[in-house]
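Understanding the architecture of this molecule
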Amino acid sequence: MKAFLILEDGTVFEGTSIGSTREVISEIVFNTSMTGYLEVLTDPSYAGQAVTMTYPLIGNYGVCYKDMESQKAWPDGYIVRELSRMASNFRNEDPIQKFLLDNDIPGICGIDTRALTKILREKGTMNGMITTNENYNLDEVLPKIKEYSVKGVVRKVTCSEKYVLSGKGPKVALMDFGAKKNIARSLNNRGCEVTVYPAYTKAEEILESNPDGIMLSNGPGDPKECVEIIEEIKKLYNSNVPIFAICLGHQLMALATGADTHRLKYGHRGANHPVKDLKTGKCYISSQNHGYVVDESTLDSKVAVPAFENVNDKTNEGLEYVGKNIFTVQFHPEACAGPQDTAYLFDRFMDMMKKED
């Protein structure tokens, strides 16, 4: 069946329908990872977006459900050059086409994803429609496409109630703004008892449980939309509990302490982004998925100082908070999928909690 990707600038790509045949309007972004497509599909940070995979062949090792980063797929749509209908992997359980159908994810394959990515790099992230309707009318659909905006996605992806991963080590409160499973797993594997809280949990409830540390997770959308959450993070900041924040959590902590964020032209999404530790000068390859960034020019040096920098575009990738046991990073040290270069940051968080004891 034919499918069409219509961008808000009027560009139309014709390809073949994959997954669900329902029509969808979403924000079109691209991911440069060569592997890890299942982790991408199940990353809650993609809620409200349709993902273009720049690597040309997707699905060749199938689907292994143990690799899922949440209970379901979150992107609105999926865009690939070639979808492998057959998988070759001893861990394979299902073909990716079945996974897309089971999760009601519409998509398109057979288009020039390189050309699409170049458009998004030159013009910036834009909205688009995936449709199987061959009789679409551009004059009718373009206004609808342009009207779309990503709203309310943190509330959509967060857990409905708190739950606990048992452990005999430090007690960590993990705020779930759209947390990938491997964040909790990385802490749990280090012996932590991890209590995962819904995004809108009050700071008082978290602090009353006397955690040894607090983790602020990744998540989707514009951080400035999370006004209620930011107010609670201010209270967490004023406590003496060690805090480690990733991605959206990093942005929310910056907003809570007076800094600002802004939208990137086309974001950082992939498992091959170099970041530099400003203290040691070492560079690491990181996994990233974000469309917003902390504006370093708005930082109060008495509150926080830059700790990591993106080697490609020099944007902020992490902060250390002055006089506080708080550090935050824009990238993903849990890295599923992606390199494990920065997993040592979880050990650093463990050391911070031990010192507090």
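Residues numbered from 1 in each chain as written. Predicted model: local features only at pLDDT ≥ 70, side-chain atom pairs only at ≥ 80, totals over all residues. Heavy atoms only, no water.

**Examining the sheet that holds strand E1 (residues 2-7)**
- Reading around the barrel, the seven strands line up as E1-E2-E8-E6-E4-E3-E9 and close back on themselves, with mixed pairing between neighbours. Geometrically, the sheet is characterised by an average inter-axis angle of 35 degrees between neighbouring strands, direction not taken into account.
- Across the sheet, helix H3 (residues 113-123) touches E1, strand E2 (12-19), strand E3 (24-31), strand E4 (49-53), strand E6 (77-79) and strand E9 (126-131), and the angle it forms with E3 is around 90 degrees. (Pairing = 2+ DSSP bridges. Helix = DSSP H or I, 4+ residues; strand = E, 2+ residues; numbered from the N terminus. Axes fitted to C-alpha atoms, helices over the stretch in contact; angles between N-to-C directions. Contact = heavy atoms within 4.5 Å.)

**A closer look at the UniProt feature "active site" (unreviewed entry) in the protein chain**
- Under the feature "active site" (unreviewed entry), the UniProt entry names Cys247, His332 and Glu334. These annotated residues cover 88 residues of sequence, and their C-alpha atoms lie no more than 11.3 Å from one another, placing them together at a single site.
- Of note, cysteine 247 is situated in the loop between strand E14 (243-246) and helix H9 (248-256).
- With sequence-adjacent residues up to four places away left out, cysteine 247 is seen in contact with Asn218, Asn289, His290, Val329, Gln330, Phe331 and His332.
- Mapped onto the elements, histidine 332 comes out in the loop between strand E19 (326-329) and helix H10 (344-356). (UniProt positions renumbered as here; feature names shortened; annotations may be inferred.)

**Quick word on the packing of helix H8 (residues 227-237) against H9**
- Between H8 and H9, whose axes approach to 9 Å, the crossing angle comes to 80 degrees. Relative to H9, the element H8 is oriented roughly perpendicular. Two secondary-structure elements touch here, H8 through Ile229, Ile230, Ile233, Lys234 and Tyr237 and H9 through Leu252, Met253, Leu255 and Ala256.
- In the contact of H8 with H9, the residues fall into eight nonpolar, no polar and one charged. (Parallel < 35°, antiparallel > 145°, perpendicular 65-115°, else oblique. Nonpolar A, V, L, I, M, F, W, Y, C, P; charged D, E, K, R; others polar.)

**Side note on the domain arrangement of the protein chain**
- As far as domains go, the protein chain holds domain 1 (2-150) and domain 2 (154-353).
- A C-alpha centroid distance of 27 Å is found between domain 1 and domain 2.
- Between domain 1 and domain 2, the residue contacts involve 27 residues of the former and 24 residues of the latter.
- Around 2100 Å² of area is buried between domain 1 and domain 2 when both sides are counted, 45% of it from carbon and sulfur atoms.
- When the buried surface of domain 1 facing domain 2 is broken down by residue, Pro44, Ser45 and Glu69 rank first, second and third, together holding 26% of it.
- There are one salt bridge connecting domain 1 and domain 2. (Domains from an automatic or database assignment. Buried area = accessible area lost by both parts, 1.4 Å probe. Salt bridge = Lys/Arg side-chain N within 4 Å of Asp/Glu carboxyl O.)

**Focus on the sheet that holds strand E12 (residues 193-198)**
- Strands sit in the order E10-E12-E11-E13-E14-E19-E18-E17-E15-E16 across an open sheet of ten strands; the sheet is mixed. Edge positions in the sheet fall to strand E10 (163-165) and strand E16 (283-295), since each of these pairs with one other strand and no more. The mean inter-strand angle of the sheet, taken between neighbouring strand axes irrespective of direction, is 20 degrees.
- Here E10 pairs with E12 via three bridges, running antiparallel. By the bridge assignment, leucine 165 is partnered in E12 with valine 194.
- H8 rests against strand E13 (213-216), E14, strand E18 (316-321) and E19 of the sheet, and its axis sits at about 150 degrees to E13.

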